[in-house]
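Working through the structure, step by step
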Amino acid sequence: MTLANGRTYLAIPGPSVVPDRVLNAMHAASSNIYEGALVDMMPDLIGDLKGVARTTKQAAIYIGNGHAMWEASLTNTIKPGDKVLALVGGAFGAGWAETARRLGADVQVLEFDNSVAIDMQRVGDMLAADTSGEIRAVLAVHVDTSGSVLNDIAGLRAVMDAAGHGALLMVDCIASLGCNRFEMDAWGVDVMVAASQKGLMLPPGLGFVFFNEKAETARARISQLSPYWDWSLRARPNVFYQYFAGTAPVQFLLGLREALDMIAEEGGIKAAWARHEKLAHAIWAACDIWARAGALRLHVPNAVHRSHSVTALYLSAPLATKLRVWCETKAGVTLGISLGMADADDPDWHGHFRIGHMGHVNAHMVLGMLGAIDAGLKAINAPHGSGALDAAAEVISKA
Ligand SMILES: Cc1ncc(COP(=O)(O)O)c(C=O)c1O
């Protein structure tokens, strides 16, 4: 029999659960895009979006996904032949580096294991060795969703400053915006990319690039750039359609307005960060108990380096896949597949899975998801410690 009928929980690390409020807001007829309510709401919408990114600088909205934002950020700042330093600690760091390479940049890669954070010493050494300042940008991923590692962006800025290096600091916050603390201005981030489908609780389809004055100076060097990618008019439009280089994504904007209102009603972005942090700790507490039997372990050993939006786990192959299938078909909880740990045709691929806990997630969803995993571990006869739900409830009870 299956016990999956009822409200399901998509616990993959993006797209995340879209709240009914957002879905209802999007369920609207297209409106006038030349004047009226939609046009009038844009200044506040952009202001609130910048508030979530903790910046007073510029924001450009694109109709596109995260890959599109990698491209948008690079085409506005980097010319073919420019040197770029990519800090790669997982599949998404590698993806951004590859995008830069395909756009003609001379990409130097510093690679890190996908279970530990960026090694600042190595970054500092690399920048110090670049005495002529040829590296134009440093690319870093705040949370690499593949291994679920959280990187210290403020620490990275400090290392760049200590090396006296003038490269742009460009950060991918696609899996962290709205979930893990991120301070664009206070941490000295020059360019930040994000997308709609994770912490912002929308369907996939909108992308965002935030940039400061230093990035605008870099933009001024670029003489050839497609009008679609050019962020200049999108950030400071004279007329409404310039925000989007064409027809506005009407329903997405209504959804974004609702999502930003929900964050404000929760108590603002700091309250959303605190919720994600507490829920992440509850998940790890359960995992620590399951891990006592030796078959399961958290992929990132140091809790300081774990993201609050996604948790990658090892459960000896093929048990991870069996668990995912059981949870989805029997309990209505969809867990994330392994990404970047092994190839899909490698037997070890079946030894990894990920839990997404980003965006519209609360205590009962997390406790329900953990309960489903606990039942699944029993159903597939995976060795696991007892008392995981107690441990999670204990963390949550202290909220
Ligand atoms: C950290 C990170 N960067 C980039 C991407 C790529 O985004 P998209 O799949 O929307 O192109 C993802 C997607 O999961 C991601 O998690």
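Along each chain, the written sequence defines residue order, and numbers are assigned to residues from 1. Reporting of local features is limited, given that this is a predicted model, to residues whose pLDDT is at least 70; pairs of side-chain atoms are given and counted only at 80 or more, and all residues count toward the totals for whole chains, interfaces and linings. Side-chain metrics rest on all non-hydrogen atoms present in the structure, leaving aside hydrogens and water.

1. Here's the deal with the overall build of the protein chain
Secondary structure elements are defined from DSSP: runs of H or I of at least 4 residues count as helices, runs of E of at least 2 residues count as strands, and each element is numbered from the N terminus. Along its length, the protein chain carries 13 helices and 14 strands. Using C-alpha atoms as the atom set, the radius of gyration is obtained and then compared with a globule rule of 2.2 Å times the number of residues to the power 0.38. Over its C-alpha trace the protein chain gives a radius of gyration of 21 Å, about what one expects of a compact globule, namely 21 Å for 399 residues. When the backbone C-alpha atoms are referred to their principal axes, the protein chain occupies close to 60 × 55 × 40 Å. Buried means the residue's accessible area, taken with a 1.4 Å probe over protein chains only, is under 20% of the maximum for its type, while exposed means over 50%, and partly exposed covers the values in between. By the burial criterion, 57% of the 399 residues in the protein chain qualify as buried. Contacts: residue pairs with any heavy atoms within 4.5 Å of one another. The contacts in the protein chain between residues at least 6 apart in sequence include a share of 72% that link residues at least 24 apart. Per-residue accessibility takes into account occlusion by the displayed protein chains alone, with areas from the Shrake-Rupley method and a 1.4 Å probe. When the accessible surface of the protein chain is split by element, carbon and sulfur atoms take 54% of a total near 16000 Å². The distance from the centre of the 32 positive side-chain charges to the centre of the 39 negative ones in the protein chain is 1 Å. We count Lys and Arg on the positive side and Asp and Glu on the negative side, and we leave His and both chain ends out. In this description, the location of a charge corresponds to atom NZ of lysine, CZ of arginine, CG of aspartate or CD of glutamate.

2. Focus: the sheet that holds strand β10 (residues 206–211)
Note: two strands are recorded as paired if DSSP finds a minimum of 2 bridges between them. Across the sheet, which stays open at both edges, the seven strands sit in the order β2-β10-β9-β8-β5-β3-β4 with mixed pairing between neighbours. The outermost strands of the open sheet, each flanked by one partner alone, are β2 (58–63) and β4 (106–111). Taking each pair of neighbouring strands and ignoring which way they run, the sheet shows an average axis angle of 20°. Summarising the sheet, β2 and β10 pair through six bridges and their orientation is antiparallel. For helices, the axis comes from a line fit to the C-alpha atoms of the stretch in contact; other axes are also lines fit to C-alpha atoms, and the angle between any two N-to-C directions lies between 0 and 180 degrees.

3. Some remarks on the domain arrangement of the protein chain
The domain limits used here are those given by an automatic or database domain assignment. Structurally, the protein chain comprises domain 1 (9–16 + 268–397) and domain 2 (22–264). Placing the centre of domain 1 and that of domain 2 at their C-alpha centroids yields a distance of 28 Å. Of the residues lining the interface, 29 residues belong to domain 1; the matching set on domain 2 comes to 29 residues. Once two parts are brought into contact, the accessible area they lose, counted with a 1.4 Å probe and summed over both, makes up the buried area. Taken together, both faces of the contact between domain 1 and domain 2 bury some 2300 Å²; the carbon and sulfur share is 60%. When residues of domain 1 are sorted by the area they lose upon contact with domain 2, Ile269, Trp273 and His305 head the list and together hold 26% of the total. For this analysis, a polar contact is any N or O atom pair within 3.5 Å, provided that within protein one partner can donate a hydrogen and the other can accept it, and provided that sequence-adjacent residues contribute only side-chain to side-chain pairs. Linking domain 1 with domain 2 are 13 residue pairs in polar contact (both at pLDDT 80 or more). Elements represented by at least two residues in the side of domain 1 that touches domain 2 include exactly α10 (269–290) and β12 (310–315).

4. Let's talk about the packing of helix α3 (residues 66–75) against helix α4 (residues 91–102)
Running from amino to carboxyl end, α3 crosses α4 at an angle of 45°, the nearest separation of the two axes being 10 Å. In this view, α3 runs oblique relative to α4, as classed from their interaxial angle. For the pair α3 and α4, the sense of crossing is right-handed. Residues Trp70, Glu71, Ser73 and Leu74 of α3 form the contact with α4, whose participating residues are Phe92, Gly95, Trp96, Thr99 and Ala100. Angle categories are assigned with fixed cut-offs, so that under 35 degrees is roughly parallel, over 145 is roughly antiparallel, 65 to 115 is roughly perpendicular, and the rest are oblique. Crossings are assigned a handedness: left-handed for a near helix turned anticlockwise from the far helix by less than a right angle, right-handed for a clockwise turn.

5. Re the nonpolar core
One finds Leu87 and Met192 to be the most contacted residues of the largest nonpolar core, which totals 61 residues. The contact partners of Met192, leaving out residues within four places of it in the chain, are Ala53, Val171, Cys173, Leu177, Phe182, Met184, Phe208, Val209 and Phe210. We define the nonpolar core as a collection of buried residues of types Ala, Val, Leu, Ile, Met, Phe, Trp, Tyr and Cys that are connected through side-chain atoms lying within 4.5 Å of one another. Ala285, Ala295, Cys327 and Ile373 belong to the second-largest nonpolar core, a separate cluster that totals 40 residues.

6. Considerations on the sheet that holds strand β13 (residues 333–337)
A sheet is described by the order of its strands in space; here five strands give the open sequence β1-β13-β14-β12-β11, paired in mixed fashion. Two strands close off the open sheet at either side, each with one partner strand: β1 (9–11) and β11 (296–298). On average, each strand axis in the sheet is tilted by 35° relative to the strand beside it, whichever way the strands run. Relative to strand β14 (residues 352–356), β12 runs antiparallel, the two being bridged by five bridges. Paired with Leu313 across the bridge in β14 is Phe353.

7. Describing the pattern of salt bridges
Each reported salt bridge corresponds to a side-chain nitrogen of Lys or Arg within 4 Å of a carboxyl oxygen of Asp or Glu. Evaluated as defined, the whole model comprises 20 salt bridges. Note that Arg221 and Asp82 form a salt bridge whose closest N and O atoms lie 3.2 Å from each other. Of the two residues, Arg221 is situated in the loop between α7 (213–220) and α8 (231–235) and Asp82 in the loop between α3 and β3 (83–88); the sequence distance between them amounts to 139 residues. Using a relative accessible area of 24% as the deciding quantity, one classes Arg221 as partly exposed. Within the structure, one salt-bridge network assembled from shared partners comprises Arg21, Glu258 and Glu265.

8. Some thoughts on the environment of Gly47
Mapping Gly47 onto the fold places it in helix α2 (residues 37–53). On the accessibility criterion, Gly47 (38% relative accessible area) is partly exposed. Remark: the alpha-carbon pair of Gly47 and Lys57, spanning 10 residues in sequence, is separated by 9.8 Å.

9. Considerations on the side chain of Gln197
In this fold, Gln197 is placed in the loop between β9 (191–195) and β10. Each residue touching Gln197, except ones within four places of it in the same chain, is listed here: Gly14, Pro15, Ser16, Leu202, Pro203 and Pro204.

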